[in-house]
Amino acid sequence: MTILEVKNLKKTFKKSEIIKGLTFDMQEGEILGILGPNGAGKTTTLQMLLGILTPTSGTIKVFDKDLATHKSEILEKMNFSSTYVDMPWRLTVKENLEWSSWLYEIPDRRKRLNQIKELFLLEKQWNQPVSALSAGQKTRVNLARSMINFPSILLLDEPTASLDPEVATYIREFFANQRKTYNKSIILTSHNMSEVESLCDRVLILKDGMIVGNDTPANLAKKIEYSHLRLRVTKNVAELDKLISLRKLESVQEDKQYTITIKETLLPLFLYEITKKNVGYTEISIDKPNLEDYFMKIAKSTVETKSRGDMS
Amino acid sequence: MKLHRIWGIFLRYFYNLIHTYDRLTDMFFWPFIDLLLWGLTSSYLVSTGSTSNTLVLALLGGIMLWIFPWRGQYEITVSLLEDLWNRNLVNLFATPILFSEWVVSVMFIGIFKSIISFAFASVIAVVLYAANIYTLGIILLPWAGLLIMFGWVFGFFIASLIMRYGTKIQTLAWMSMAIVSPFAGVFYPISVLPSWAQTIAHYVPVSYVFEGMRSIIAGQPAPLSALFWPLILCLIYLMLSLYFLYGSYSAILKRGLISVE
């Protein structure tokens, strides 16, 4: 079931079009990643989905209702967590979660607060002011606040930024479990590619305010034709250098360790050739392209475009 | 409008109050200092025989009643500033709350703090100078309403400006009521003002309240105009300030709520 439908969404700031007609949807129970280089429009898009930024044109429908006209009703079933937002720092964790809970219709508020305290491991911090918490603890409190109304749709902007690896893993598992158990839909932005790859069913890649990729992480990665071949060479290094030069391949050499970027289709032939030339090696590994490679390709082209723009 | 959401916003500002010495000082320390200084000054003047006994109550009454417009304005603008300083605006408005619910909440917190501050000041005035503001009678209630409403007008107007221009103009939160105070006649009759200032005072609703207060203290009845005309003025100003406030809120939604700083 489609629970979010965005059609031709545009946003213009001071005559500059930041978001250029986004159209996408999200299914119930889906985890959708939004990736893109800095300035691609991720945060702007999330703000419009939360109703705290008015689009210049286009429509956002949530639960088949227009966000512009049913904002309060829709936000009752949505929530968010963002690194751009803090909490009143003099208030304790308990007080912050308590006042936030009153903004939603929650049947048993006390029970819910206790559940949240346990789920997000906040027992020790419960009566501490937010100002006394570490960055990671604040992120955890923010995530706890985002679950206070048991939302059907959750918007998470960099959810595990500044969390230590152990807690980050716990939080990732928590959200994966929420989706599995309660069929929650989650929109996630993150710079942690392995997080996006492991959590998201589908990823939107934004670039310059447009969607340039909309597929599963695996399918997006397949769009990269190159793999990285790593070899620890022990014999006939010169022959390998000749082959690399002949095939016009990119390579990085550190001591005897070679990392060669090569088209996946050429890989069997190249391996055959190095064997034929009697190139000896003790270690070999092939890194298949992943989402990060795809993202880097997009990001690189953005930087190059901007550089060309700056030069002209 | 949902009451639970209004309560939620109220709780947010209430918890801030109990954790913030600045806000507690505003509520208790300054009214106390004002009463102490003006009480001593007026008592001294009365003791020299140069003025009547009613001066003490007239001056202290001015200080006490001024709490209402001051707190009405201050709570709206400082509540908004608190959320800007704490980067908490998005936490408020990316939720089901309606802007009108926020408006009602900050009005309510203004009433709450005014009543506490006024009650405290009135007790201090009785204890230190035997000046009982409650001798003015039941008219205090509609006057308090008018005064706080006037504070809301300024509060919403300044909040609108802060929404548009950010915290760089935050000083207006402390200044704005001081700008209007010379025309309000808090401590003196409007007749002592130059004629151009009297014309302005005619359109400052709270000036009628302070004139009325002095009439009652002098043993005369308060004119009906001390209620009716200022109420009309206040309602007109309140509607204009709310219109301006909603305009500013729509404008910041076009820029993005996180852009306000």
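Residues numbered from 1 in each chain as written. Chains lettered and ligands numbered in written order. Predicted model: local features only at pLDDT ≥ 70, side-chain atom pairs only at ≥ 80, totals over all residues.

Right, let's get into the overall build of chain B. Helix and strand counts for chain B stand at ten helices and zero strands. Along chain B, helices and strands appear, N-terminal first, in the series α-α-α-α-α-α-α-α-α-α. Taken against the 2.2 N^0.38 rule, which gives 18 Å for 261 residues, the C-alpha radius of gyration of chain B at 19 Å falls within 12% of a compact globule. In terms of overall dimensions, chain B has a C-alpha envelope of 60 × 40 × 35 Å along the principal axes. When each of the 261 residues of chain B is scored for burial, the buried share is 45%. A sequence separation of at least 24 residues applies to 76% of the contacts in chain B between residues at least 6 apart. (Helix = DSSP H or I, 4+ residues; strand = E, 2+ residues; numbered from the N terminus. Rg over C-alpha atoms; globule rule 2.2 N^0.38 Å. Buried ≥ 20, exposed ≤ 12 C-beta atoms within 10 Å, placed from the backbone. Contact = placed C-beta atoms within 7 Å.)

Further remarks concern the domain arrangement of chain A. Considered domain by domain, chain A is made up of domain 1 (2–221) and domain 2 (225–287). The C-alpha centroid of domain 2 of chain A is placed 44 Å from the C-alpha centroid of domain 1 of chain A. (Domains from an automatic or database assignment.)

Turning next to the sheet that holds strand β12 (residues 250–254) of chain A. Residue and element names in this part refer to chain A. With antiparallel pairing, the four strands of this open sheet are ordered in space as β12-β13-β11-β14. Each of the sheet's edge strands pairs with one partner strand only, and the pair in question is β12 and β14 (280–287). Across the sheet, the mean angle separating the axes of adjacent strands is 20° when strand polarity is ignored. By the bridge criterion, seven bridges tie strand β11 (residues 226–235) to β14 in an arrangement that is antiparallel. (Pairing = 2+ DSSP bridges. Axes fitted to C-alpha atoms, helices over the stretch in contact; angles between N-to-C directions.)

Judged by nonpolar contacts, the single largest core of 141 residues is most densely connected at Leu60(B), Leu65(B), Leu147(B), Val153(B) and Val209(B). Element by element, the count of residues in this core is highest for helix α6 (residues 140–165) of chain B, at 17 residues. Other than its neighbours up to four places away in sequence, Val209(B) contacts Leu65(B), Trp143(B), Leu146(B), Leu147(B), Ala226(B) and Pro230(B). Among the nonpolar cores identified, the runner-up in size contains nine residues, and Leu229(A), Tyr258(A), Ile260(A) and Val279(A) belong to it. (Core = buried A, V, L, I, M, F, W, Y, C linked by C-beta atoms within 7 Å.)

Residues and elements named next belong to chain A. Across the five residues of strand β3 (residues 31–35), five count as buried, placing the element largely inside the fold. Of the two faces of β3, the one holding Ile-31, Gly-33 and Leu-35 and the one holding Leu-32 and Ile-34 are both buried throughout. Where β3 and strand β8 (residues 185–189) come together, four bridges link them in parallel fashion. Among the inter-strand pairings, Ile-31 is bridged to a residue of β8, identified as Ile-186.

Attention now goes to the packing of helix α3 (residues 93–101) of chain A against helix α5 (residues 135–146) of chain A. Residues and elements named next belong to chain A. Packing of α3 against α5 brings their axes to within 10 Å, and their N-to-C directions diverge by 25°. By the criterion of interaxial angle, the relationship of α3 to α5 is roughly parallel. For α3 against α5, the interelement crossing comes out right-handed. Contacts between α3 and α5 involve Val-93, Asn-96, Leu-97 and Ser-100 from the former and Val-141, Ala-144 and Arg-145 from the latter. For the contact of α3 with α5, the per-class residue count stands at four nonpolar, two polar and one charged. (Parallel < 35°, antiparallel > 145°, perpendicular 65-115°, else oblique. Left-handed = near helix turned anticlockwise from the far one by under 90°. Nonpolar A, V, L, I, M, F, W, Y, C, P; charged D, E, K, R; others polar.)

With that settled, the discussion passes to the environment of Thr44(A). In this structure, Thr44(A) sits in helix α1 (residues 42–49). If we ignore the near neighbours within four places in the chain, the residues touching Thr44(A) are Lys11(A), Ile18(A), Ile19(A) and Leu53(A).

Chain A puts 25 residues into the contact, and the matching count from chain B is 26 residues. Contributing elements (two or more residues each) for the side of chain A that touches chain B: α2 (71–75) and α3 of chain A. Looking at the side of chain A that touches chain B element by element, the count peaks at four residues for α3(A). Its residues assigned to classes, the side of chain A that touches chain B comprises 15 nonpolar, five polar and five charged.

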